[in-house]
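Read off the chains here:
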Amino acid sequence: QVQLVESGGGLVQAGGSLTLSCAASGRTFSNYAMGWFRQAPGKEREFVAAISWGGGITRYADSVKGRFTISRDNAKNTVYLQMNSLKPEDTAVYYCAAALSHVTHVNIADIMRYDYWGQGTRVTVSS
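Draft legend 1. Geometry of the overall build of the protein. Along its length, the protein carries zero helices and 11 strands. Helices (α) and strands (β) of the protein occur, in sequence order from the N terminus, as β-β-β-β-β-β-β-β-β-β-β. With respect to the three principal axes, the spread of C-alpha positions in the protein is 40 × 25 × 25 Å. Looking at the protein residue by residue over its 127 residues, the buried ones come to 43%. Residue pairs in contact within the protein that sit at least 24 positions apart in sequence constitute 60% of those at least 6 positions apart.

In structure tokens form, the structure reads like this:
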């Protein structure tokens, strides 16, 4: 079992920055690929970014590429999402998730790959 707790959400103006954190506890964190997903009101949950257990694979949704950066610190059992140049359309609840199974550059974005989920942290970007 893995427990995930997100933090760092809040209200920010367009063009601003936020850094989300996801602290993991339970099973060995370094065994998991980690992903960030988001869900806006009335929309389905969508992939944002993901990173393999060793950091050798990272992948981003086209909508955030060049603006968001995912990283992880296995010593701290934490994954981060640095979000810059935020836009109103980035407004959503952001969830981190952990995937135990083997991931590739292709399937790391597949929401069905992820076994454990946090409760989410809300990000609101005002125009």
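On we go.
Draft legend 2. Structural view of the state of the cysteines. Evaluation of the coordinates by the stated rule reveals one disulfide. There is a disulfide in this structure between Cys22 and Cys96, and the S-S distance comes to 1.9 Å. Given an S-S torsion of about 45°, the disulfide between Cys22 and Cys96 has right-handed geometry. Taken together, the positions of Cys22 in strand S3 (residues 18–26) and Cys96 in strand S9 (residues 92–99) put the pair 74 residues apart, joining distant regions of the chain. Grouping residues by exposure puts Cys22 and Cys96 together as buried.

Draft legend 3. Representation of the side chain of Thr78 in the model. Tracing the backbone through its elements, the reader meets Thr78 in strand S8 (residues 78–83). Accessibility expressed as a relative area gives 9% for Thr78, which makes it buried. Side-chain polar atoms of Thr78 contact the backbone oxygen of Lys76, separated by 2.8 Å. In this view, Thr78 contacts Ser21, Cys22, Ala23, Phe29, Ser71, Arg72 and Asp73; residues no more than four positions away in its chain are not counted.

Draft legend 4. Looking closely at the packing of aromatic side chains. Counted by the stated rule, this structure contains five aromatic pairs. Among the aromatic residues, those joined into a cluster by ring pairs are Phe37, Phe47, Tyr114 and Trp117. The lysine or arginine in question, Arg45, covers the ring of Tyr95, its NZ or CZ lying 3.7 Å from the ring centre. A cation over an aromatic ring shows up here: Arg45 above the ring of Trp117, its NZ or CZ 5.0 Å from the ring centre.

Draft legend 5. Broad picture of the pairing of strand S7 (residues 68–73). Of the two faces of S7, the one holding Phe68, Ile70 and Arg72 is buried and the one holding Thr69, Ser71 and Asp73 is not buried anywhere. Sheet topology note: the S7/S8 ladder contains six bridges and is antiparallel. Residue pairing in the sheet places Arg72 in a bridge with Val79 of S8. Taking the residues between adjacent antiparallel strands as the criterion, S7 and S8 are bridged by four residues, where Asn77 takes a positive phi near 55°.

Draft legend 6. Here's a closer look at unusual backbone geometry. Of note, the phi angle at Asn77 is positive, near 55°, even though the residue is not glycine. Within the secondary structure, Asn77 is located in the loop between S7 and S8. Looking at Asn77, the relative accessible area reads 29%, which means it is partly exposed. Positive phi, close to 50°, is recorded for Ser85, a residue that is not glycine. Residue position: Ser85 is located in the loop between S8 and S9. Residue classification places Ser85 among the partly exposed positions, given a relative accessible area of 42%.

Quick notes on the rules
Residues numbered from 1 in each chain as written. Predicted model: local features only at pLDDT ≥ 70, side-chain atom pairs only at ≥ 80, totals over all residues. Heavy atoms only, no water. Helix = DSSP H or I, 4+ residues; strand = E, 2+ residues; numbered from the N terminus. Buried < 20%, exposed > 50% of the residue type's maximum accessible area, 1.4 Å probe, protein only. Contact = heavy atoms within 4.5 Å. Disulfide = S-S within 2.5 Å. Polar contact = N/O pair within 3.5 Å; in protein donor to acceptor, adjacent residues only side chain to side chain. Phe/Tyr/Trp six-rings, centres within 6.5 Å; stacked < 30°, edge-to-face > 60°. Lys NZ or Arg CZ within 6 Å of the ring centre and 35° of its normal. Pairing = 2+ DSSP bridges.

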